[in-house]
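# Fold and geometry: a report
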Amino acid sequence: MANTFKNIKKKLRRKRLLAEKRRLEKAQAGAQGGEAARKKFKAAMRKRKAVLKPIAVILAVAIVVLAGFLFLEMRTYRSYKVQASSEQEDTVSTQYMNLAGKILRYSSDEVSLVNDKLETVWSQTYDMQNPVADVWGDCAVIADKDGTSMVFLNKNGITGTVTTSYSIVKAKVSKTGMAAAILDGGDHTWINFYNLDGSLIAENQTNIQDPGYPMDVTLADNGVVMMVAYQYVDSSQTTSYVAFYNFGEVGQNEDDRIVSGYTYDGVVVPQIQYLGSNAVALRDDGFTLYSGRQIPKELKTIQVESEIVSTFYDENNIGLVFKNDRKDKQYTMQVYSADGKLKFSKDFNIPYSTIRMSDGYIIMYNSSQLCVMNENGKEKYFGSIDGTVKDFFKLGWNKYLLVLDTGVNVIKLS
């Protein structure tokens with residue numbers, strides 16, 4: 001019996017020892033698992049911090065940049081500083097335009113590209129009597145108005161030349177370097193379409209009665225669609241016709257390659273332009289927008305009752321100026337987005353001679369005064385100038401070219 005009790009005690013003690021051992025092993029395993037979990041958690045946090053830190057830096061930089069941009073957009077300037085100057089320029093016979101943030105300078109015998117320090121990047125010669133230029137993006141065309149010479153160029157220099165069969169009325173360029181010209185052939189006019197190297201893509205003969213006299217021409221960036229505004233007058237009224245020519249596969253089976261056309265009775269359309277993917281016809285009673293890369297369709301028409309005295313545009317904006325009856329504010333400006341939404345309407349009293357969009361800003365000037373507004377109508381600068389202003393446009397971030405009768409200045413508003 002005694003041995004039986006001893007055996008039972010041994011078994012119970014063994015069970016307790018085994019249970020204690022399992023408990024200790026379990027506790028040890030839990031401790032090891034907890035340590036592993038802690039290590040895993042710490043590694044995850046380090047990884048998360050490694051990811052979040054650059055994001056936080058980027059956000060901080062973005063906030064600083066945005067705050068700086070908003071500050072500069074809201075800031076107004078009272079004066080300017082001359083950063084570069086040249087008094088040797090013949091500003092009477094020389095013209096200037098912004099080309100890719102630099103200065104395109106051209107005259108009857110030479111074209112050159114100049115940087116914002118007024119240093120010549122390149123220069124090439126030609127021979128014209130009355131050169132006029134059109135610039136869009138990084139490309140330009142210079143045509144001898146009423147002559148027969150044209151040169152095509154980009155920021156790297158002249159890319160092609162053309163001698164036309166008839167006198168040039170107008171020439172326009174697209175952002176991709178394609179160009180179109182209206183040529184006067186007497187009873188007939190011609191509209192020619194060119195590559196950047198000057199090679200002829202297509203030519204169209206037009207009749208004064210059908211479809212009318214071409215008032216303006218412009219090209220889509222895709223290099224295949226040409227838009228032409230015609231006008232003809234019968235005994236009762238003036239009629240305008242806006243036609244879209246497609247020189248790609250879409251237009252090859254259409255008469256004269258016209259894929260769409262719109263007639264406007266009693267309306268004059270003196271100016272047309274492609275604004276990115278949309279095109280605009282500026283009318284004497286407002287404007288019409290068109291959309292469609294291959295077969296453009298009417299998108300929206302904005303009609304106004306007041307007489308339009310000026311228009312201006314860039315890829316993102318369309319501006320109209322009217323006279324009003326207020327003595328303290330003689331003009332009203334309306335600016336629309338490229339899809340026809342009114343951005344702002346503003347009365348002002350600046351006796352301007354020239355108004356244009358320049359590098360996203362609205363530029364106005366007369367012979368002795370300058371005015372700069374952002375695209376939302378916020379006045380950035382207004383002031384008088386010593387000397388006679390010949391030209392004025394924006395070059396880049398707060399830099400402007402001021403052409404006077406005494407020379408050329410690159411200025412910075414301050």
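Okay, so let's go over this structure. (Residues numbered from 1 in each chain as written. Predicted model: local features only at pLDDT ≥ 70, side-chain atom pairs only at ≥ 80, totals over all residues. Heavy atoms only, no water.)

## Quick notes on the pattern of salt bridges
Condition: Just to be clear on terms, a salt bridge is a Lys or Arg side-chain nitrogen sitting within 4 Å of an Asp or Glu carboxyl oxygen. Starting at the N terminus, helices and strands are each numbered in turn, a helix being any DSSP run of H or I of at least four residues and a strand any DSSP run of E of at least two. Here the term buried applies to any residue with accessible area under 20% of the maximum for its type, exposed to any over 50%, and partly exposed to those in between, with areas from a 1.4 Å probe on protein chains only.
For the coordinates displayed, the defined rule picks out 12 salt bridges. Residues Asp216 and Lys172 are paired through a salt bridge, measuring 3.3 Å at the closest nitrogen-oxygen approach. Placement of the pair is Asp216 in strand E14 (residues 213–219) and Lys172 in strand E10 (residues 167–173), with a sequence separation of 44 residues. For Asp216, a relative accessible area of 1% gives the class buried. Between Glu375 and Lys343 there is a salt bridge, with the nearest N and O atoms lying 3.7 Å from each other. You can see Glu375 sitting in the loop between strand E28 (369–374) and strand E29 (379–384) and its partner Lys343 sitting in strand E25 (residues 342–348), a full 32 residues away along the chain.

## Let's talk about the sheet that holds strand E4 (residues 110–114)
As a reminder of what qualifies: Two strands pair under a simple rule: DSSP has to find at least two bridges between them. Every axis corresponds to a line fitted to the C-alpha atoms, with the helix fit spanning only the stretch in contact, and the corresponding angles, defined between N-to-C directions, vary from 0 to 180 degrees.
Strand order in the open sheet made by the four strands is E2-E3-E4-E5, with antiparallel pairing throughout. Single-partner strands in this sheet number two, and they are strand E2 (95–99) and strand E5 (120–125). Going from strand to strand, the sheet's axes swing by 20° on average, the running direction of each strand aside.

## Some remarks on the nonpolar core
To keep it simple, the criterion reads: By nonpolar core we mean a set of buried residues, namely Ala, Val, Leu, Ile, Met, Phe, Trp, Tyr and Cys, connected to one another through side-chain atoms within 4.5 Å.
One finds Met150, Phe152, Tyr194, Val280, Phe287, Ile318 and Leu320 to be the most contacted residues of the largest nonpolar core, which totals 28 residues. Among the nonpolar cores identified, the runner-up in size contains 17 residues, and Val224, Phe244, Ile272 and Ala279 belong to it.

## Considering the sheet that holds strand E7 (residues 139–144)
The four strands lie next to each other as E6-E7-E8-E9, forming an open sheet whose pairing is antiparallel. Lying at the two open borders of the sheet, with one neighbouring strand each, are strand E6 (131–136) and strand E9 (157–163). Along the sheet, successive strands turn relative to each other by an average axial angle of 20°, direction set aside. Taken together, the six bridges between E6 and E7 define a ladder with antiparallel strand orientation. Opposite Pro131, over in E7, you have Asp144 as the bridge partner.

## Some remarks on the pairing of strand E26 (residues 354–358)
Taken together, the five bridges between E26 and strand E27 (residues 361–365) define a ladder with antiparallel strand orientation. Note on E27: the bridge partner recorded for Arg356 is Ile363. Between E26 and E27, which pair antiparallel in sequence order, lie two residues; one of them, Asp359, sits at a positive phi of approximately 55°.

## Some points on the side chain of Thr206
With respect to the secondary-structure elements, Thr206 resides in strand E13 (residues 200–207). For Thr206, a relative accessible area of 3% puts it in the buried group.

## Brief notes about the packing of aromatic side chains
To describe a pair of aromatic rings, one takes the distance between the centres and the angle between the planes. Our working rule: What counts as a ring pair is set by centres within 6.5 Å for rings of Phe, Tyr and Trp (its six-membered ring), and what kind of pair is set by the plane angle: stacked under 30 degrees, edge-to-face over 60, tilted for all other angles. Two conditions define a charge located above a ring, namely a distance within 6 Å from the ring centre to NZ of Lys or CZ of Arg, and an angle within 35 degrees of the ring normal.
As enumerated under the stated definition, the model contains 13 aromatic pairs in all. A centroid spacing of 6.0 Å and a plane angle of 10° characterise the contact between Tyr166 and Trp190, whose relative ring orientation is stacked. Residue Tyr166 is located in the loop between E9 and E10, and its partner Trp190 is located in strand E12 (residues 188–194); the two are separated by 24 residues in the primary sequence. A relative accessible area of 18% places Trp190 in the buried class. For the pair Tyr331 and Tyr352, a centre-to-centre distance of 5.3 Å together with 50° between the ring planes defines the contact as tilted. Of the two residues, Tyr331 sits in strand E24 (residues 331–337) while Tyr352 sits in the loop between E25 and E26, which places them 21 residues apart along the sequence. Site record: aromatic cluster; members linked through ring pairs are Phe193, Tyr245 and Phe247. Directly above the ring of Tyr264 sits Arg283, whose terminal nitrogen or CZ lies 4.9 Å from the centroid. Directly above the aromatic system of Tyr361 lies the positively charged group of Lys394, at a separation of 4.7 Å from the ring centroid.

## Looking at the side chain of Asn398
To keep things clear, this is the line we draw: Pairing of N or O atoms within 3.5 Å defines a polar contact, subject to two protein rules: one partner must be a possible hydrogen donor and the other a possible acceptor, and residues neighboring in sequence count only if both atoms are side-chain atoms. The contact criterion used is simple: two residues touch if any of their non-hydrogen atoms lie within 4.5 Å.
Mapped onto the fold, Asn398 is located in the loop between strand E30 (389–396) and strand E31 (399–404). On the accessibility criterion, Asn398 (12% relative accessible area) is buried. Only 3.0 Å separates the side chain of Asn398 from the backbone oxygen of Leu413, close enough to count as a polar contact. Residue contacts for Asn398: discarding those within four places in its chain leaves Tyr77, Ile411, Lys412 and Leu413.

## Thoughts on the environment of Tyr241
Looking at where Tyr241 falls in the secondary structure, it is placed in strand E16 (residues 238–246). Judged by its relative accessible area of 17%, Tyr241 falls in the buried class. In this structure, Tyr241 is in contact with Pro211, Val228, Ala229, Tyr230, Ile258, Gly261, Tyr262 and Thr263, ignoring residues within four places of it in sequence.

## Examining the environment of Ile295
By the element assignment, Ile295 lies in the loop between strand E20 (286–291) and strand E21 (297–303). A relative accessible area of 36% means that Ile295 is categorised as partly exposed. In this structure, the C-alpha to C-alpha distance between Ile295 and Val225, residues 70 residues apart in sequence, is 8.5 Å. Discounting chain neighbours no more than four positions away, the residues touching Ile295 are Val250, Val259 and Ser260.

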